[in-house]
Every structure is written in C-alpha cells, then in structure tokens.
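# A look at the structure
Each chain, written out:
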Amino acid sequence: MTEVDLKQANERYAADFGDNGKLSIPPSKHLVVVTCMDARLNPEEFLGLNLGEAHIIRNAGGLAKESLRSIIISQRLLGTKDVLVIHHSDCGMLTFTDEQLRSKVINAHPGDVAVSEAVNDLQFGPFPDLDRSVKDDVAFLKNHPLVLKEGNITGWVYEVETGKIREVV
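Residues numbered from 1 in each chain as written. Predicted model: local features only at pLDDT ≥ 70, side-chain atom pairs only at ≥ 80, totals over all residues. Heavy atoms only, no water.

## Some details on the packing of helix H3 (residues 64-78) against helix H6 (residues 130-143)
- Running from N to C, H3 and H6 cross one another at 35°; their axes reach a closest spacing of 10 Å. Between H3 and H6 the crossing geometry is right-handed. From H3, Ala64, Lys65, Leu68 and Ile71 reach across to H6, where they touch Asp137, Phe140 and Leu141.
- Residue classes in the contact of H3 with H6 are distributed as five nonpolar, no polar and two charged. (Axes fitted to C-alpha atoms, helices over the stretch in contact; angles between N-to-C directions. Helix = DSSP H or I, 4+ residues; strand = E, 2+ residues; numbered from the N terminus. Left-handed = near helix turned anticlockwise from the far one by under 90°. Contact = heavy atoms within 4.5 Å. Nonpolar A, V, L, I, M, F, W, Y, C, P; charged D, E, K, R; others polar.)

## Section: the pattern of salt bridges
- The tally for this structure, following the rule as stated, stands at 10 salt bridges.
- Note that aspartate 19 and lysine 22 form a salt bridge whose closest N and O atoms lie 3.8 Å from each other.
- Salt-bridge contacts for glutamate 159 lead to arginine 166; the nearest nitrogen and oxygen are separated by 2.9 Å.
- Each of Asp38, Arg40 and Asp90 takes part in one network of salt bridges that share partners. (Salt bridge = Lys/Arg side-chain N within 4 Å of Asp/Glu carboxyl O.)

## A word on the side chain of arginine 102
- Here arginine 102 lies in helix H4 (residues 98-108).
- For arginine 102, the side chain forms a polar contact with the main-chain oxygen of leucine 122, separated by 2.5 Å.
- Setting aside residues up to four positions removed in sequence, arginine 102 forms contacts with Val119, Asn120, Leu122, Gln123 and Phe124. (Polar contact = N/O pair within 3.5 Å; in protein donor to acceptor, adjacent residues only side chain to side chain.)

## Examining the sheet that holds strand S2 (residues 54-59)
- Across the sheet, five strands lie side by side as S2-S1-S3-S4-S5; this open sheet has mixed pairing. At either end of the open sheet lies a strand with only one pairing partner, and these are S2 and strand S5 (165-167). Taking each pair of neighbouring strands and ignoring which way they run, the sheet shows an average axis angle of 25°.
- Sheet topology places strand S3 (residues 82-88) next to strand S4 (residues 153-158); six bridges connect them, and they run parallel. Within the sheet, the bridge partner assigned to leucine 84 lies in S4 and is threonine 154.
- Across the sheet, H3 is in contact with strand S1 (31-36), S2 and S3; its angle to S2 comes to roughly 165°. (Pairing = 2+ DSSP bridges.)

## Observations concerning the pairing of S1
- Of all six residues that make up S1, six are buried, and the element is covered over most of its length.
- With six bridges joining them, S1 and S2 adopt parallel strand pairing. Within the sheet, the bridge partner assigned to valine 34 lies in S2 and is isoleucine 57.
- Relative to S3, S1 is paired through five bridges, and the arrangement is parallel. Its bridge partner being in S3, valine 32 is matched across the sheet by valine 83. (Buried < 20%, exposed > 50% of the residue type's maximum accessible area, 1.4 Å probe, protein only.)

## Quick notes on the pairing of S4
- With six of six residues buried, S4 lies mostly within the body of the structure.
- Both faces of S4 are covered, namely the face carrying Ile153, Gly155 and Val157 and the face carrying Thr154, Trp156 and Tyr158.
- The pairing of S4 with S5 spans three bridges and is antiparallel. Its bridge partner lying in S5, tyrosine 158 is registered against isoleucine 165.

## Points about the packing of H4 against helix H5 (residues 113-120)
- Between H4 and H5, the least distance of the axes is 9 Å, while the angle of their chain directions is 170°. Relative to H5, H4 is oriented roughly antiparallel. Two packed elements cross with a definite hand, and for H4 against H5 that hand is right-handed. In contact with Arg102, Val105 and Ile106 of H4, H5 contributes Val115, Ser116, Val119 and Asn120.
- Considering only residue class, the contact of H4 with H5 consists of four nonpolar, two polar and one charged. (Parallel < 35°, antiparallel > 145°, perpendicular 65-115°, else oblique.)

Here it is in structure tokens:
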C-alpha cells in the first residue's frame, strides 16, 4: 500500500466520520481486549464492538506482560474494569523459540556486537501450547498487584479457521 493509497483511504474514512469525534475518551463498555497483532484478526468485528466501546491492545501473541502498562493506564485513568485475553489458532508465536529467533537476527548481522547484545537482552515470548498460554496470561493479570480486581479477567481463543471464539478460562 502506497502513501497515496493510505491518504485516499483516510479521505473516504473521514468523509463518513460523523459524530465519532464526540466519543468520550473512556471506552463505554469499560472493557480492555488484549490480543495478537496478527493481520487476520479484527477484534472489533468478531466481538461485535463499535468505535469507542473498548480499548484494544495488540502485540505479537497478545501477551499480557507486554500489555501491562496499557492495562494499568486503561483501568486507573480511563475506568475500564473487564479484561479479555484473546490468543488465536495458527499463531506465529507457536512456531519458534527465543533462541531460534535470536540466531536468525544475529546471523543476519554477522560480527555486529550491538545487534547481538540487543537481541540477547530480549524475551520474545513464544509459546508451545495455545490454551496454556491463555491460562498463564490470565493468571499473570489476576495475580498482578497493579491490575484491578473489580472486573472479570477471562481468556479466549479465536479460531482463525472459523471466526469463532471459545472460552479457555
């Protein structure tokens, strides 16, 4: 997609923007959704959410630990209560280990000490078991002292093959 395409798409979007500029900053459903950055996922659509109803936090794998800062801001400053953790089938995070990715990066930059040091400091967070990763993320949030206990924290898997979600925990 070129810059021209992006600008044209935005012009079409802005033409139908209507009253969306008047939406309040806090999400109306007091909901946070933590999910993967995978381009096949459209959480607003598969959860039936409209603009302004939820905070959608996305990262590789939909990992709770990487989302913690945003969850705290969302809850403490913007009044959200419930958290949905949604991982998905056929996730790329199921396909590698930290060491495999580190080796790939280091091999792409032979002799570059800065790259080697930087990549060795990272934890990429791959997981071998989809349901276990959801349970672990929900447990992490439920047990974290900075995450509010007033709402529900649940874990789900979105099936990319069917578009359906299933509750894990």
